[in-house]
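Summary of the model geometry
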Amino acid sequence: MPSSLLTEPPLNPIHESFPVERILKPTDSPPKRSHKVIAVLPAYNAATTLAATLAGFPPGCVDEVLLVDDCSKDNTVQLARDMGLTVIVHDKNKGYGGNQKTCYKYCLDHGADVVVMIHPDYQYDSRVIPHAVGIIELGICDVVLGNRVRSRAETMKCGMPWWKYVSNRGLTAFENLMLGQNLGEFHSGFRVYRRQVLETIPFERNSDDFVFDTQFLVQAIHFGFRLGDVPVPVRYFDEASQINFRRSTKYGLQTLKTVGQYWLNRLGLRKSMLFKPKG
Ligand SMILES: Nc1nc2c(ncn2[C@@H]2O[C@H](COP(=O)(O)OP(=O)(O)O)[C@@H](O)[C@H]2O)c(=O)[nH]1
Ligand SMILES: [Mg+2]
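All of the points below concern the structure found in this document. Here, residues in each chain are numbered from 1, in the same order as that chain's written sequence. Chains and ligands are labelled by the order in which they are written, letters from A for the one and numbers from 1 for the other. The model is predicted, so local features are restricted to residues of pLDDT at least 70 and side-chain atom pairs to those at 80 or more, both for listing and for counting; the totals for chains, interfaces and linings are taken over all residues.

**Some points on the overall build of the protein**
Helix and strand counts for the protein come out as ten helices and seven strands. Using C-alpha atoms as the atom set, the radius of gyration is obtained and then compared with a globule rule of 2.2 Å times the number of residues to the power 0.38. Its C-alpha atoms give the protein a radius of gyration of 19 Å, within 12% of the compact-globule value 19 Å for 279 residues. Sequence separation of 24 or more characterises 76% of the internal contacts of the protein that already satisfy a separation of 6 or more. What counts as a helix is a DSSP run of H or I of at least four residues, what counts as a strand is a run of E of at least two, and both are numbered from the N terminus. A pair of residues counts as a contact when their C-beta atoms, built from backbone coordinates, are separated by no more than 7 Å.

As structure tokens, then:
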């Protein structure tokens, strides 16, 4: 692990004096990043939104962009190749979780120290990437989630459907309580991870469906990683939000089940492979 990626915030209260000039008029240019940041885009029919998502990335914020295509019916793959992304194509539709498994395996095999996962549907403001990565780099958190929900008024103004808002708030309150966290939401499609999280969590055993995301976070908590969040502006329009009521309900029920599995495992009543260390 490069030394620039701290694991604990430094504690050094002994400073006799500090010239403020060093903050206001720095002479040194900021140190160049010595660790590798890979952004992964789990894609399914993302042709209309891919370029806009990428255009928001601040220059230099990542070292590589990987798009994994889950057998899209549009020309996502051709577009991604034309734009110079690293592209992996599934020969059949594996699902959203299956897509992320391919993303993370690639990141581990290609030396990523920090991984940014962002949906290529232009829903999440990608300008926030370096700020979320910065929280990891400072050693404050191991997992950072983009939080779409701050005030109800703002979230509704962004266009989140009311039933998604209500279920998000309900599930998040329950998960915070049961998992001892204080996150704004658990269901974001913008996440940043430290490499050790991917090395430790047996994510290959997770579902290939949407509940992969919940399982991943509950596993991160089980293995003792620190979770936090940053506010991220969000946009709602047809292409950015296609999960319907039926699939969302299934996801909600599976999320409750995952929290149940966590507690059964923790109490030793029923061990789950989700929480068994790798290997
Ligand atoms: N890999 C894969 N991804 C999918 C599939 N269906 C939807 N997605 C992706 O899942 C993500 C979340 O779906 P979305 O409709 O944006 O949900 P919402 O924004 O939470 O309402 C998007 O990035 C979609 O591209 C699928 O069959 N396979
Ligand atoms: Mg979306």
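**Re the nonpolar core**
Only buried Ala, Val, Leu, Ile, Met, Phe, Trp, Tyr and Cys residues enter a nonpolar core, and they are joined through C-beta atoms within 7 Å. Counting other C-beta atoms within 10 Å of a residue's own tells you its class, since 20 or more makes it buried, 12 or fewer makes it exposed, and anything in between is partly exposed; those C-beta atoms are placed from the backbone. Counting residues in each nonpolar core, the largest one holds 56 residues, and the members touching the most others are Ile 38, Val 40, Leu 66, Val 115, Val 116, Val 133 and Val 192. The element contributing the most residues to this core is strand E1 (residues 37-43), with six residues. The residues contacting Val 115, other than those within four sequence positions of it, are Ile 38, Val 40, Tyr 104, Cys 107, Val 192, Tyr 193 and Leu 198.

**A word on helix H9 (residues 212-222)**
Here H9 lies mainly inside the structure; nine of its eleven residues are buried. Along H9, the residues classified as buried are Phe 212, Asp 213, Thr 214, Gln 215, Phe 216, Leu 217, Val 218, Gln 219 and Ala 220. Of the surrounding secondary structure, the elements contacted by the buried residues of H9 are helix H4 (96-109), strand E5 (143-147), helix H7 (162-179), helix H8 (195-200), strand E7 (227-231) and helix H10 (245-266).

**Some points on H10**
Taking 1.5 Å as the rise per residue, H10 with 22 residues should run 32 Å; its terminal C-alpha atoms sit 32 Å apart, in good agreement. Where H10 is concerned, the buried positions are Tyr 251, Thr 255, Thr 258 and Tyr 262. Take H10 and look down its axis: the buried residues cluster within an arc of 60°, on one side only. In this structure, H10 carries Phe 245, Arg 246, Thr 249 and Leu 253 as exposed residues pointing more than 90 degrees from its buried face. On the buried face of H10, the contacting elements are H7 and H9. In the segment just after H10, Gly 268 is the residue with positive phi, at about 75°. Each residue after the first adds 1.5 Å to the expected span of a helix. As used here, the arc is the angular range of directions from the helix axis to the C-beta atoms.

**Describing the site of ligand 1**
Taken together, 16 residues surround ligand 1, and among them Tyr 44, Asp 70, Asn 99, His 119 and Ser 241 come closest. Residues are grouped as follows: Ala, Val, Leu, Ile, Met, Phe, Trp, Tyr, Cys and Pro are nonpolar; Asp, Glu, Lys and Arg are charged; every other residue, Gly included, is polar. The residue makeup of the shell around ligand 1, split by class, is six nonpolar, eight polar and two charged. All residues are tested the same way: a C-beta atom is placed from the backbone, and lying within 6 Å of a molecule or strand makes the residue near it.

**Observations regarding the packing of H7 against H10**
Throughout, an axis means a line fitted to C-alpha atoms (over the contacting stretch in the case of helices), and angles, computed between N-to-C directions, take values from 0 to 180 degrees. Remark: H7 packs on H10, axes separated minimally by 11 Å, with the N-to-C direction vectors making an angle of 5°. As judged from the angle between their axes, H7 and H10 are roughly parallel. Residue-level inspection shows Trp 163, Lys 164, Ser 167, Leu 171, Glu 175, Met 178 and Leu 179 of H7 in contact with H10, the latter providing Phe 245, Ser 248, Gly 252, Thr 255, Val 259 and Trp 263. Of the residues that constitute the contact of H7 with H10, the class distribution is seven nonpolar, four polar and two charged. Each angle gets one of four labels, with under 35 degrees taken as roughly parallel, over 145 as roughly antiparallel, 65 to 115 as roughly perpendicular, and the rest as oblique.

**Digging into the packing of H9 against H10**
Where H9 meets H10, the axes come as close as 10 Å, and the angle between the chain directions of the two elements is 20°. Taken together, the axis directions place H9 and H10 in an arrangement best described as roughly parallel. In this structure, the crossing between H9 and H10 has a hand that is right-handed. For the pair H9 and H10, the contacting residues are Thr 214, Gln 215, Val 218 and His 222 in the first and Gln 254, Thr 255, Thr 258, Val 259 and Tyr 262 in the second. What makes a crossing left-handed is the near helix being turned counterclockwise from the far one by less than a right angle; a clockwise turn instead makes it right-handed.

**Regarding the sheet that holds strand E2 (residues 64-69)**
What makes two strands pair is DSSP finding at least two bridges between them. Pairing is mixed across the open sheet formed by seven strands, whose spatial order is E3-E2-E1-E4-E6-E5-E7. Edge positions in the sheet fall to strand E3 (86-89) and E7, since each has one partner strand and no second. When strand polarity is set aside, the average angle formed by the axes of neighbouring strands in this sheet is 20°. Pairing geometry for E1 and strand E4 (residues 114-118), over four bridges, is parallel.

**Examining unusual backbone geometry**
In this structure, Asn 45 is a non-glycine residue whose phi angle is positive, near 55°. Structurally, Asn 45 is set in the loop between E1 and helix H2 (50-55). Given 18 C-beta atoms within 10 Å, Asn 45 falls into the partly exposed group. Within the chain, Tyr 122 stands out as a residue other than glycine whose phi angle is a positive 60°. Note that Tyr 122 resides in the loop between E4 and helix H5 (129-137).

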